[in-house]
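# Observations on the three-dimensional arrangement
Single-letter residue listing:
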Amino acid sequence: MLLVLAVDVSFSIDLEELGLQREGYAQALLSDEFQRALKEGGNGRIAVTYFEWAAFNDQRVIVPWRLIDGIESAKVVADEIRQAPLRRAARTSISGAIQFGRGLLREAKMKGLRRVIDVSGDGPNNNGEGVIRARDEAVAEGITINGLPVMIKKQGFGFDIESLDDYYEDCVIGGAGAFV
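A brief structural summary. These numbers were taken from a predicted model, which means no experiment stands behind them.

### A word on the overall build of the protein chain
The number of helices and strands found in the protein chain is six helices and five strands. The N-to-C order of helical and strand elements in the protein chain reads β-α-α-β-β-α-α-β-α-β-α. Whereas a compact globule of 180 residues would reach a radius of gyration of roughly 16 Å, the protein chain reaches 15 Å, a difference of no more than 12%. For the protein chain, long-range pairs separated by at least 24 residues make up 78% of all intrachain contacts whose partners lie at least 6 apart in sequence.

### Overview of the packing of aromatic side chains
One pass over the structure, following the stated rule, counts three aromatic pairs. Taking 6.2 Å as the distance between ring centres and 70° as the angle between the ring planes, the aromatic pair formed by Tyr 167 and Tyr 168 counts as edge-to-face.

### Observations concerning the sheet that holds strand 5 (residues 143-149)
Taken in spatial order, the five strands line up as 3-2-1-4-5 in an open sheet, and their pairing is mixed. Two strands bound the open sheet, and with one partner strand each, they are strand 3 (59-68) and strand 5. Within the sheet, the average angular offset between the axes of one strand and its neighbour, ignoring direction, is 15°. Inspection of the sheet shows strand 1 (residues 2-8) paired to strand 2 (residues 46-53) by seven bridges, in the parallel sense. Note on strand 2: the bridge partner recorded for Leu 2 is Ala 47.

### Quick word on the pattern of salt bridges
The full count for this structure, using the stated rule, is 10 salt bridges. Here Arg 102 makes a salt bridge to Glu 137, at a shortest N to O gap of 3.2 Å. Taken together, the positions of Arg 102 in helix 4 (residues 94-107) and Glu 137 in helix 5 (residues 131-140) put the pair 35 residues apart, joining distant regions of the chain. Since its relative accessible area comes to 8%, Arg 102 is described here as buried. Since its relative accessible area comes to 27%, Glu 137 is described here as partly exposed. As a salt-bridge pair, Glu 141 and Arg 102 come within 2.3 Å of each other at their nearest N and O atoms.

### Topic: helix 6 (residues 164-172)
When we look at burial in helix 6, the residues that qualify are Leu 164, Tyr 167, Tyr 168, Cys 171 and Val 172. End-on, the buried residues of helix 6 take up no more than an arc of 100°, which puts them together on one face. Buried-residue contacts for helix 6 involve helix 4, strand 4 (115-121), helix 5 and strand 5.

### Quick word on the pairing of strand 2
Along strand 2, eight of the eight residues are buried, which leaves the element largely enclosed by surrounding structure. Burial along strand 2 is two-sided: the face carrying Ile 46, Val 48, Tyr 50 and Glu 52 and the face carrying Ala 47, Thr 49, Phe 51 and Trp 53 are both buried. Note that strand 2 and strand 3 share seven bridges and pair antiparallel. Residue Tyr 50 lies in a different strand from strand 3, and its bridge partner there is Val 63. Linking strand 2 back to strand 3 in an antiparallel pair, the connection comprises five residues.

How each quantity is defined
- Residues numbered from 1 in each chain as written.
- Predicted model: local features only at pLDDT ≥ 70, side-chain atom pairs only at ≥ 80, totals over all residues.
- Heavy atoms only, no water.
- Helix = DSSP H or I, 4+ residues; strand = E, 2+ residues; numbered from the N terminus.
- Rg over C-alpha atoms; globule rule 2.2 N^0.38 Å.
- Contact = heavy atoms within 4.5 Å.
- Phe/Tyr/Trp six-rings, centres within 6.5 Å; stacked < 30°, edge-to-face > 60°.
- Pairing = 2+ DSSP bridges.
- Axes fitted to C-alpha atoms, helices over the stretch in contact; angles between N-to-C directions.
- Salt bridge = Lys/Arg side-chain N within 4 Å of Asp/Glu carboxyl O.
- Buried < 20%, exposed > 50% of the residue type's maximum accessible area, 1.4 Å probe, protein only.
- Arc of directions from axis to C-beta.

Bear in mind that shape data such as this cannot, by itself, settle questions of function.
The structure is reproduced here in structure tokens:
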């Protein structure tokens, strides 16, 4: 599997939430559940890349493509995520994150039976093209998009949605086995 981790660093994400996202991904890679799934998978490995995003043309790769085939390689990726300099930026373009993730999947030197983009964020798409169009284009290429809405705090930036998980369900996720 090729797995793209796309993490929201827009100004609506405070430093606590950014830390929570980063630490959550790091801990997930090191978890017994992930390591077990890795071993039970068809190839015993996955390729992962991690990038942070805000506006439509504002994405930064933090961890380039890495092969994870056990706990040691997972620790390397987890440390890269944890040690990256913090940054924040304006706007929230889930569509931009999906488009950028598609590009990363196209450019990957490795091949995977599945191609997945996990998008985490705390608000709706408010910049760039429509998120449904971006999602549908990715799904048409056989990409699965999962949604990880950050629903810890009400932000008060004017773009809040009462049920962000429902928004992700309706507008962001798609493809085989997609989940919120």
